[in-house]
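Survey of secondary and tertiary structure
Next come the chains, spelled out residue by residue.
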Amino acid sequence: MDEVQTIEAAVLSFYRGGSEQQKETHKWLQQVQNSPQAWSFCWELMQLNKSSEIQFFGAITLNSKLRSDWVEVPKEAHHELKQKLLETIVLFGNGPKIVLNRLCISLGLFIVHMLRHPTVIEEVTNMFLHEQLGNLSKVTQIEILMAVLEGIPEEVKTIRTQIPRPVVCEELNRNAEFVMQTVVTYLNEKLSHNTVEPHDMNGLINAAKCTGTWVAHGNVHLNDREAMIQTLLKAVHYCYWKEPKDDGCLMPEENELAETALKSLANIISSYATQSTKYSFTIINYMKLFLDVLVPILDAEYKENNDNENLALIIYALFISTLECFTSAIFAGIATDSEEVSKVYTRTVDMLIKCTDKPGTYPVDESCSTYAMEFWYMLQEEVLSMDNGERKKRCLEAIKPVYAHVVKVLVRKSQLPTESSLHKWNDDDLEAFRCYRQDIGDTLLSCHDVLNDLMLDVLSEALDESIMYLSYDPQSTESWTLLEATIHAFCSIAQKIEYTEHQQIVKLLKILNEIPYEKYNDKLFGMALETVGAYSEWIGDNPKYLPSAITLLVKGLNSTKASQATLGLKDLTSECQKEVIPYALPLLDACRTALQEGHLKNAEMIRLMYTVGNILSVISYENIILYLDAMVSPCFEELQIHVQNNDRTEPTKARVVLRLEMISKLFSSLNIRKPTEGDMDKGLGPDAQKLPFPGTPVPGAPVQPILLILEKTMGLLKDLCTLWIHDETVIDTLCKALQQALTNLMDDIKPLLTEMCCLVLSILNTNCVVSAADIAGNFILMFYKDQDSRQLMVQLFTAIMDYNFNQMQQNLGKLSRIADLIETFYAFNTRISKKIPICYSEVQVDCMKLVDFATKCMMLPETGPMKKSVAFITMFVKESTNHPVMMNVVLAQGENIVRSTFLCIGGTALRTQVEIFADIFLALNFRYPNEFIQWMKLLEITNFPTAFVSASDKEQFMRKVIKERVNKRLVQDHVRKFAALCRNIVEYENK
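Taking an unreviewed UniProt entry as the reference, the protein is identified by name as Importin-13 belonging to Anopheles culicifacies. Looking at the protein in UniProt, the text filed under Subcellular location (unreviewed entry) is "Nucleus". According to its UniProt record, the protein has this under Sequence similarities (unreviewed entry): "Belongs to the importin beta family."

Structure representation (structure tokens):
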């Protein structure tokens, strides 16, 4: 079997074999594609007597070689390659389509490589226009030409060519108008007839695509694009109105041409977005064209379940895109003396109100209304950002009636599906509707920004209407959806409602307590509970409405909507902690009953413990002890039983985790002392967890309840830890509970400090879960400077360092396996470097290894460890000049740090994240300016960090970075541009 036959067999095996076989075959085929011999065998594979899989592999192999290995083609072979390519295109001119498409891309790639020849695009274009390609029909040749031209700008972004990027861009700009003129002329010629022949449709589709891909080139003003825009609109108009449609649905080719033309129009408009002020008059003219041609289509499709919904969707997308790019120009019509601008604005608003109110339910009956949400945000943002003055006042008054109407539309559109209609919905539909309702909630917030208190009047009126609708047919079980949607609207704007005793909110809360929920779907009750929770802050300012709120939420604890009830109680007892005191004991009794009855889900039980902690924090100390015994003791008693039985089964593990999470949630909220400002300056810095600090201990004050709990149960927790020491889930949950206790107790924890540290040490030495490292780090930050605790903190610090060093050493070359551990470790060391850098000098720790591992970790593909490693190196360098041990490490590791940074910028890190490495350059340049200059000379190494960046570019980058020691934004800009050069990526400048 010769080489070609072997390749053919492998290709067929890949397409027809099993997954394991495919994996190995794919790897081998990639190696074959990368070989120089691929230039030869790809043509042999592309023969008409081969299977389509083999032909396709030959075509993608040619693609790959032209894209990445052009350097292998000698100059004298260019003409021969071109001829072979054209001959093969003729061979496959009539299909298979997948092979022909790849050949068109290949011809486009060839043209890019030949752009040094100024007439190459014109020559190829004329060859197709003048039908010089064998026996292919004129229609086919035009179709191929348009596909080739359309792909050229896209291929420039990924191709490796020997032509400098600026030259490539210059040639594209120079040829853009020729290409555009060719394409528009062809489109106009075909569309000028009353009927377009079916065989011309593919050529027209490719031509329409072509206008969208070439528009970024040519340095042409937007006002000079009118002919092209009118041509594309003509294509849309022709496709939609050419003849009556029996079933209302466009033919596939007509639909594709119309959608392609619309997408190209959006590309044309968006490519001028940065010059919105320059083209204000032009865009009004274009918007008028869009409205004249496209709104009649939208009107015709204004119905449920229309067959051209996607076309309507793309039309709305074009309008929204245009509004995004030219917001000020179009919104100037709100208050203007220009009748034309005013009319365009009014027509646009009317069209988008209809879009918002599209008949049917999203997403099962329609899919367009979601597009309008963004417009209502843009409009209010434009008006509210105006300078205060008469114009802003006029604009606000002008848009208020519009937004009042939109609120009523949104309430109606947000109605949940009824039980009788759910058969039409699948899981994806339900999730899409959930997101849609969230978007409606966000849009209602924008409406409130415009309407302010008037919004409550509109919603109050809607509430009256929904109650009236409910009363029309008292026996109906499906008339609840409008009321639920109205309550949802009130819930959505709760965060905007100030403390004033608004009568509309008073009425809402009264109605919520009077609805006979048992008659209707439980979703109505769920929304009522969620809404009460959302108004917790308002109720805190108006506490006379607290009893009714508590009554409703307690009722919810015993319902199918206990989740919303526990959420509401959590919010209510947090926002109204002092106000809840008169109702505390009955509320605690209700919580205890709910916990004991066993109908609550795990998440609900855990959440309810937070409420219990909030209430316990404000009652008398004697009652705290009583209720702790009644409500918390069962958790520890169950844990004790499991420990005594030495039970490590999966069901037991689930119960242990639940009880620990309940205890953790209680520890996070139970605190009888209030925080002081001085507590905010304790050891936990800005990179630590943002949790509230308790107050400073007062001599003679009662012992914190959490401390009492820990004192009584520390032995049990140690036994639990011993039993489950090798189970990461249980140990992690236990550490999080202890972390909550530490965060709440702070200095109050000192009586138990030794025992807790020993417990954490045992975990660190056996199963160092992330949360164990977290709590150990917080202990060190809080108590390292305390002489009585110093030795204990040194042990913790040493244990953390040793464990993480061992883990990284064991996983060298596969550090991604422990990405979470690395992220936590370097976040901890960043805090140490910032807060107590002396630690590195006083504790026997290998700082050289610490920094060396950091340079390896910042090259990981995972964002977390990469960012934390960079942050650590940056902070370590900044603090090092005050500590000789750290300074010696930086001097020894400086070149390694810079080398690793360049490798990340050159390609290891995602291009979107390279700017973070500017922090390392700034720190080194600021603290070690002379050494930094020497370390930067690494760039003098040939092909470092990549072969794509020239020596002059590297020298220029060095000079710019060394010059800047403070301006972070400027260095980030230099790094971003250098990363693009290293990756052979063109950063296009806007026209």
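Some remarks on the overall build of the protein
Assigned secondary structure in the protein consists of 45 helices and 0 strands. Taking the principal axes of the C-alpha coordinates as reference, the protein spans close to 100 × 80 × 65 Å. For the protein, restricting intrachain contacts to residue pairs at least 6 apart in sequence, the fraction spanning at least 24 positions comes to 75%. Split by element, the accessible area of the protein, about 43000 Å² in all, is 50% carbon and sulfur. With 95 positive and 125 negative side-chain charges, the protein shows a separation of 4 Å between the mean positions of the two kinds.

Points about the pattern of salt bridges
Per the counting criterion, the structure on display carries 40 salt bridges. Between Asp299 and Lys354 there is a salt bridge whose closest N-O contact spans 3.1 Å. Separated by 55 residues along the polypeptide, Asp299 in helix H13 (residues 280-300) and Lys354 in helix H16 (residues 339-356) bring together distant segments of the chain. Classification of Lys354 as partly exposed rests on a relative accessible area of 33%. A salt bridge links Arg659 to Glu638, with the shortest nitrogen-to-oxygen separation between them at 2.7 Å. Placement of the pair is Arg659 in helix H31 (residues 650-669) and Glu638 in helix H30 (residues 633-644), with a sequence separation of 21 residues. Salt bridges here are not isolated pairs; linked through shared partners, they connect Glu915, Asp973, Arg976 and Lys977.

Quick look at the packing of aromatic side chains
Counted according to the given criterion, the structure contains 30 aromatic pairs. Ring centres of Tyr517 and Phe525 lie 4.7 Å apart, and the angle between their planes is 40°; on these two criteria the pair is classed as tilted. For Tyr517, a relative accessible area of 5% gives the class buried. Site record: aromatic cluster; members linked through ring pairs are Phe797, Phe805, Phe825, Tyr826, Phe828, Tyr840, Phe853, Phe872 and Phe876. In this structure, Lys570 is placed above the aromatic ring of Tyr610, and the distance from its NZ or CZ to the ring centre is 5.0 Å. Over the aromatic face of Tyr784 sits the side chain of Arg790, whose NZ or CZ is 4.3 Å from the ring centroid.

What about the state of the cysteines?
What the rule picks out here adds up to 0 disulfides. Lacking any disulfide linkage, Cys249 is separated from the closest cysteine sulfur, that of Cys239, by 13 Å. Overall, Cys249 belongs to the partly exposed group, its relative accessible area being 29%.

Notes on the packing of helix H20 (residues 453-472) against helix H22 (residues 503-514)
Between H20 and H22, the least distance of the axes is 10 Å, while the angle of their chain directions is 30°. Viewed along their axes, H20 and H22 adopt a mutual orientation that is roughly parallel. Note that H20 runs across H22; the crossing there is left-handed. Contacts from Asp453, Leu456, Asp457, Ser460, Leu463, Asp464 and Ile467 of H20 reach H22 at Gln504, Ile505, Lys507, Leu508 and Ile511. By residue class, the composition of the contact of H20 with H22 is 6 nonpolar, 2 polar and 4 charged.

Notes on helix H34 (residues 753-764)
In a regular helix each residue adds 1.5 Å, so 12 residues correspond to 16 Å; H34 covers 16 Å between its end C-alpha atoms and thus fits that length. Those residues of H34 that fall on the buried side of the exposure criterion are Leu753, Met756, Cys757, Leu759, Val760, Leu761, Ile763 and Leu764. Residues of H34 that are buried sit in contact with helix H32 (705-723), helix H33 (728-745), helix H35 (770-783) and helix H36 (790-810).

Considerations on H16
The terminal C-alpha atoms of H16 lie 26 Å apart, and with 18 residues this matches the ideal 26 Å at 1.5 Å per residue to within 8%. Taken as a whole, H16 has its buried residues at Val341, Val344, Tyr345, Thr348, Val349, Met351, Leu352, Ile353, Cys355 and Thr356. Packed against the buried residues of H16 are H13, helix H14 (309-325), helix H15 (327-331), helix H17 (373-384) and helix H18 (390-413).

Brief notes about the environment of Val851
Among the secondary structure elements, Val851 is positioned in helix H39 (residues 847-857). Given a relative accessible area of 3%, Val851 falls into the buried group. Those residues in contact with Val851, other than ones at most four positions away along the chain, are Phe872, Phe876, Val889, Gln893 and Ile897.

Details of a positive patch on the surface
A contiguous patch of positive charge on the surface is contributed by Lys785, Lys834, Lys835, Lys878 and Arg927. Looking at where Lys878 falls in the secondary structure, it is placed in helix H40 (residues 863-880). According to the relative accessible area criterion, Lys878 is partly exposed, its value standing at 37%.

Some remarks on the packing of H34 against H35
Closest axis-to-axis distance for the H34/H35 pair is 10 Å, and the angle between their directions is 140°. Put simply, H34 runs oblique to H35. When the axes of H34 and H35 are compared, the crossing they make is left-handed. In contact with Leu753, Met756, Cys757, Val760, Ile763 and Leu764 of H34, H35 contributes Ala772, Ala773, Ile775, Ala776, Phe779 and Phe783.

Some words on the nonpolar core
Note that soluble globular proteins tend to have their nonpolar side chains buried in a common cluster. Grouped together as the largest cluster of nonpolar side chains are 350 residues, with contacts concentrated most on Leu294, Trp376, Leu710 and Phe779. By residue number, the principal contributor to this core is H13, which donates 12 residues. Apart from residues no more than four positions distant in its own chain, Leu710 is found in contact with Phe667, Leu717, Leu738, Ala741, Leu745, Leu752 and Met756.

As for the UniProt feature "domain: Importin N-terminal" (unreviewed entry) in the protein
When the UniProt feature table is mapped to this numbering, "domain: Importin N-terminal" (unreviewed entry) covers residues 25-91. With 73% helix and 0% strand, residues 25-91 has its two end C-alpha atoms placed 29 Å apart.

Structural notes on the side chain of His488
By secondary structure assignment, the location of His488 is in helix H21 (residues 481-492). The class for His488 is buried, based on a relative accessible area of 9%. Each residue touching His488, except ones within four places of it in the same chain, is listed here: Ser414, Arg437, Gly441 and Met527.

Regarding a nonpolar patch on the surface
There is a patch of nonpolar side chains on the surface, built from Met468, Tyr469 and Tyr472 and spanning about 360 Å² of accessible area. One can find Met468 in helix H20.

Quick look at a negative patch on the surface
There is a patch of like negative charges on the surface, built from Glu537, Asp541, Asp571 and Glu575. By the secondary structure assignment, Asp541 is in helix H24 (residues 536-541).

The rules behind the values
- Residues numbered from 1 in each chain as written.
- Predicted model: local features only at pLDDT ≥ 70, side-chain atom pairs only at ≥ 80, totals over all residues.
- Heavy atoms only, no water.
- UniProt positions renumbered as here; feature names shortened; annotations may be inferred.
- Helix = DSSP H or I, 4+ residues; strand = E, 2+ residues; numbered from the N terminus.
- Contact = heavy atoms within 4.5 Å.
- Areas by Shrake-Rupley, 256 points an atom, 1.4 Å probe, with all protein chains shown as cover.
- Lys, Arg positive; Asp, Glu negative; His and termini not counted.
- Charge placed at Lys NZ, Arg CZ, Asp CG, Glu CD.
- Salt bridge = Lys/Arg side-chain N within 4 Å of Asp/Glu carboxyl O.
- Buried < 20%, exposed > 50% of the residue type's maximum accessible area, 1.4 Å probe, protein only.
- Phe/Tyr/Trp six-rings, centres within 6.5 Å; stacked < 30°, edge-to-face > 60°.
- Lys NZ or Arg CZ within 6 Å of the ring centre and 35° of its normal.
- Disulfide = S-S within 2.5 Å.
- Axes fitted to C-alpha atoms, helices over the stretch in contact; angles between N-to-C directions.
- Parallel < 35°, antiparallel > 145°, perpendicular 65-115°, else oblique.
- Left-handed = near helix turned anticlockwise from the far one by under 90°.
- Nonpolar A, V, L, I, M, F, W, Y, C, P; charged D, E, K, R; others polar.
- Expected span 1.5 Å × (residues − 1).
- Patch = residues over 30% accessible without salt bridge, like charges linked within 9 Å, V, L, I, M, F, W, Y side chains within 5 Å.
- Core = buried A, V, L, I, M, F, W, Y, C linked by side-chain atoms within 4.5 Å.

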